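# Coordinates in review
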Amino acid sequence: AAKPKLYYFDGRGRMESIRWLLAAAGVEFEEEFLETREQYEKLQRDGRLLFGQVPLVEVDGMMLTQTRAILSYLAAKFNFYGKDLKERVRIDMYVDGTLDLMTMIMLAPFQRPEKKQETLASILQKAKTRYFPVFEKILKEHGEDFLVGNKFSWADIQLLEAILMVEELNASVLSDFPLLKAFKTRISNIPTIKKFLQPGSQRKPPPDTHYANLVSNILQF
Ligand SMILES: CCCCC[C@H]1O[C@@H](O)C[C@@H]1SC[C@H](NC(=O)CC[C@H](N)C(=O)O)C(=O)NCC(=O)O
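The rules behind each value
- Residues numbered from 1 in each chain as written.
- Predicted model: local features only at pLDDT ≥ 70, side-chain atom pairs only at ≥ 80, totals over all residues.
- Heavy atoms only, no water.
- Helix = DSSP H or I, 4+ residues; strand = E, 2+ residues; numbered from the N terminus.
- Near = heavy atom within 4 Å.
- Polar contact = N/O pair within 3.5 Å; in protein donor to acceptor, adjacent residues only side chain to side chain.
- Nonpolar A, V, L, I, M, F, W, Y, C, P; charged D, E, K, R; others polar.

## Some points on unusual backbone geometry
With an omega of 10°, the peptide bond running from Val54 to Pro55 counts as cis. Residue position: Pro55 is located in the loop between helix H2 (37–45) and strand E3 (56–59). The residue Asn79 is not glycine, and still its phi comes out positive at about 60°. You can see Asn79 is positioned in the loop between helix H3 (67–77) and helix H4 (85–107). Positive phi values are uncommon outside glycine, yet Gln220 reaches one of about 50°. Looking at the element boundaries, Gln220 is found in the segment after helix H9 (209–219).

So, in structure tokens, the structure goes:
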């Protein structure tokens, strides 16, 4: 079968969680990086962006947009979505929590410079008081290796991605979360994820001013 093809900027943004999920499943994918406004407008003109927005993923003969829809489709396809409805809704809750946290981080580079410090402080505060305590408690209460059904799932992938992103902002953020520290080591050592974390993979670096300017220019906001 043809490899999935991802259309997005050469950076993390909303596409990075999709890259993580494909990598965790050991599925190779192609990427087309939007470098110019023209490329973006061509996708729109060709009617490939349902609401005029990226991420766009071409997979299984479909042109999928809406990040959450794409992630849910791929999680189900790769059997990362629990064994039944009750496990799936827990995975959805945990995933939505990590996506909320990661969206704050994703939007930070687009903040006005004078707001950067305040935004960073707010992200770290939310991570340490709202999100990480919840996942520490889940791991403590269930005493299992994974967040749901003691089986590796989409929720584990998203949590690892979120942990690494917050650690990029503050390396000692897990000092009060010993179970999350062990979780990070455990999940990072899953072979497909270990490979994705090595240099040379399709994982994107943290967003910088160049990325923020590129996106602002292409989207003209
Ligand atoms: C201040 C805004 C900063 C974020 C802008 C983009 O840079 C990325 O890092 C995040 C977004 S992605 C690009 C943006 N896409 C979305 O907002 C998609 C939202 C959708 N619900 C999804 O989840 O896929 C885009 O195409 N906008 C064009 C425009 O709406 O006309």
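## Let's talk about the site of the ligand
Taken together, 17 residues surround the ligand, and among them Tyr8, Gln53, Val54, Gln66 and Thr67 come closest. At 3.4 Å, a side-chain N or O of Tyr8 approaches an oxygen atom of the ligand. Residue Thr67 places a side-chain N or O atom 2.8 Å away from an oxygen atom belonging to the ligand. Counting only elements with at least two residues in the shell around the ligand, the list comes to H4 and H9. Considering each element in turn, the shell around the ligand owes the most residues, three residues, to H9. The class makeup of the residues in the shell around the ligand is 12 nonpolar, four polar and one charged.

The values are spatial; any link to function lies outside them.
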